[in-house]
Amino acid sequence: MARRIGILTSGGDSPGLNAAIRAVGKSAQRAYGMEVVGFLDGYVGLMQNRFVHLGSDDLSGILTRGGTILGTSRAKVTRMDMGEEKPKDMRSLMKEVVEQHELEALVCLGGDGTMRNSLKLYEVGVPVLALPKTIDNDVAGTDVTFGFDTAMGIATEAIDRLHSTAHSHHRIMVVELMGHTVGWLALGAGVAAGADVILIPEIPYDIEAVASSIAARRAAGSSFSIVAVAEGAVSTEDAAVRADLVSRREAATGKERKALKRRLEEFDREHVGGTSALASELSGLTGLESRVTILGHVQRGGTPSPADRLLATRLGAATADYINEGIHGVLVAARGETTEPVPLKEIAGKVKSVPLDHPWLMAARHLGVSLGD
Ligand code: F6P
């Protein structure tokens, strides 16, 4: 009987996904004679049994392509939209599809949501392995995720370009970067591009402190400032409101817990996009003109960087070895230059934030970058 594996991509797309699909698929085919089935549009395609056979020709010529040749979606395996009033747990149907194809393993490429979904499938007996992709770099258990290096490169170049126009017009240029609830992207690109202020969710900012740092630069002869702000960055006041909601949610049970969860989601939604307000406030406090640039999905597009291609390729190749060894229920994680299978139950549901003693933060402080605190 032919040995066969399945692959799917889930969550926001990210550069390096195709490099990983290629590496898993080619390694499985060449080293172990396995056939490869690709499910379309993430868990939705798995549930609907929408798939393509990925032969060696299909896996050629995709290393440098951005996005994912398989398509993706943000579905949750226990809360699938079936057009009914309530979302449904569709894991048994997904398991049936996996069994129908006689898959030895299902490889799920994704971020923190995918880690949770993968664990849930593993718990009902699907032989899952997950690979860490996301431009946010927030997957716990791995040093780094593929997609992050490319996005950091794009954002760095964008901030570099903002420097000359900021300088010419003596303006504050506020640039918003993605990153969801963590600051890896804003911090990495901010430091790499020499931003004057870097605001990340891990360090709630005091607007007065940010304005004073800009005023101090002006007094020292620099009439412009570049402010790199993570989309999840919050002021100290908002951070206090959020922390209160989180602690009340943790203490609550049943309906109250659900209501507090919704309040928290609403709060987070309302606070995304606060960058224009931040820029106006800084203008008011400093007397300098400000402009806003939201980098948005540009950060996720296009060809992966060499570092992301290498990472996706080595993790993908190791995945084929783990499948051959019968290892399931793991994240295939990067640990330094080596690869390790980390049990999904240890990392699913956890978010890797920027540690407050991270060397990038320490370097930024030494160089006089304002972190808003
Ligand atoms: O998780 C990747 C990411 O790009 C986040 O940085 C961002 O908050 C989110 O996805 C945007 O999601 P969508 O593409 O669904 O708008």
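Conventions used here
- Residues numbered from 1 in each chain as written.
- Predicted model: local features only at pLDDT ≥ 70, side-chain atom pairs only at ≥ 80, totals over all residues.
- Heavy atoms only, no water.
- Salt bridge = Lys/Arg side-chain N within 4 Å of Asp/Glu carboxyl O.
- Buried < 20%, exposed > 50% of the residue type's maximum accessible area, 1.4 Å probe, protein only.
- Helix = DSSP H or I, 4+ residues; strand = E, 2+ residues; numbered from the N terminus.
- Expected span 1.5 Å × (residues − 1).
- Arc of directions from axis to C-beta.
- Contact = heavy atoms within 4.5 Å.
- Axes fitted to C-alpha atoms, helices over the stretch in contact; angles between N-to-C directions.
- Parallel < 35°, antiparallel > 145°, perpendicular 65-115°, else oblique.
- Left-handed = near helix turned anticlockwise from the far one by under 90°.
- Nonpolar A, V, L, I, M, F, W, Y, C, P; charged D, E, K, R; others polar.
- Pairing = 2+ DSSP bridges.

### Looking at the pattern of salt bridges
Taken as a whole and assessed by the stated rule, the structure comprises 17 salt bridges. Of the charged contacts, one joins aspartate 89 and arginine 91 as a salt bridge, the two residues approaching to 2.9 Å between their closest N and O atoms. For arginine 91, a relative accessible area of 16% corresponds to the buried category. For glutamate 250, the salt bridge is made with arginine 249, and the minimal N-O distance between the two is 2.6 Å. Exposure remark for glutamate 250: the relative accessible area of 45% places this residue in the partly exposed category. Each of Arg171, Glu289 and Arg291 takes part in salt bridges that share partners, so that together they form one network.

### Brief notes about helix 10 (residues 275-286)
Between its first and last C-alpha atoms helix 10 spans 16 Å; for 12 residues at 1.5 Å apiece the expected length is 16 Å, and the two agree. The complete set of buried residues in helix 10 reads Thr275, Leu278, Ala279, Leu282, Ser283 and Thr286. Down the axis of helix 10, the smallest arc covering the buried residues is 135 degrees, so these residues share one side. Residues of helix 10 that are buried in the fold lie against strand 6 (172-177), strand 7 (197-199), helix 7 (207-219), strand 8 (225-230) and strand 9 (290-294). One or two positions beyond helix 10, positive phi appears at glycine 287, with a value near 80 degrees.

### Examining the packing of helix 7 against helix 10
The geometry of helix 7 relative to helix 10 is characterised by a closest axis approach of 9 Å and an angle of 55 degrees between their N-to-C directions. On the basis of the axis angle, helix 7 is oblique to helix 10. Handedness of the helix 7/helix 10 crossing: right-handed. Facing Ile207, Glu208, Val210, Ala211, Ile214 and Arg218 of helix 7, the residues of helix 10 in contact are Leu278, Glu281, Leu282, Leu285 and Thr286. Class assignment of the residues belonging to the contact of helix 7 with helix 10 gives a composition of 7 nonpolar, 1 polar and 3 charged.

### Describing the sheet that holds strand 9
If you walk across this open sheet you meet the 4 strands as 7-8-6-9, and the pairing is parallel. Whereas interior strands pair on both sides, the edge strands pair on one side only; in this sheet they are strand 7 and strand 9. Ignoring which end each strand starts from, the neighbouring axes of this sheet average 15 degrees apart. Note that strand 6 and strand 8 share 6 bridges and pair parallel. Residue pairing across strands places isoleucine 172 opposite serine 225, the latter belonging to strand 8. Lying on the sheet, helix 5 (residues 148-169) is in contact with strand 6, strand 8 and strand 9; it crosses strand 6 at an angle near 165 degrees. Lying on the sheet, helix 10 is in contact with strand 6, strand 7, strand 8 and strand 9; it crosses strand 6 at an angle near 160 degrees.

### Examining the environment of valine 128
Looking at where valine 128 falls in the secondary structure, it is placed in strand 5 (residues 128-132). Remark: the alpha-carbon pair of valine 128 and glycine 25, spanning 103 residues in sequence, is separated by 15 Å. Sequence-distant contacts of valine 128, that is, excluding residues within four places in its chain, are made with Leu106, Cys108, Ser118, Leu121, Tyr122, His328, Gly329, Val330 and Leu344.

### Quick notes on unusual backbone geometry
Although it is not a glycine, asparagine 49 sits at a positive phi angle of roughly 55 degrees. In this structure, histidine 180 takes a positive phi of about 60 degrees despite not being glycine.

### Points about the pairing of strand 4 (residues 105-110)
With 6 of its 6 residues buried, strand 4 lies for the most part within the structure. Residue alternation in strand 4 divides its side chains into two sets, Ala105, Val107 and Leu109 and Leu106, Cys108 and Gly110, and both sets are buried. Here strand 1 (residues 4-9) pairs with strand 4 via 5 bridges, running parallel. Across the sheet, residue threonine 9 finds its bridge partner in strand 4, namely leucine 109.

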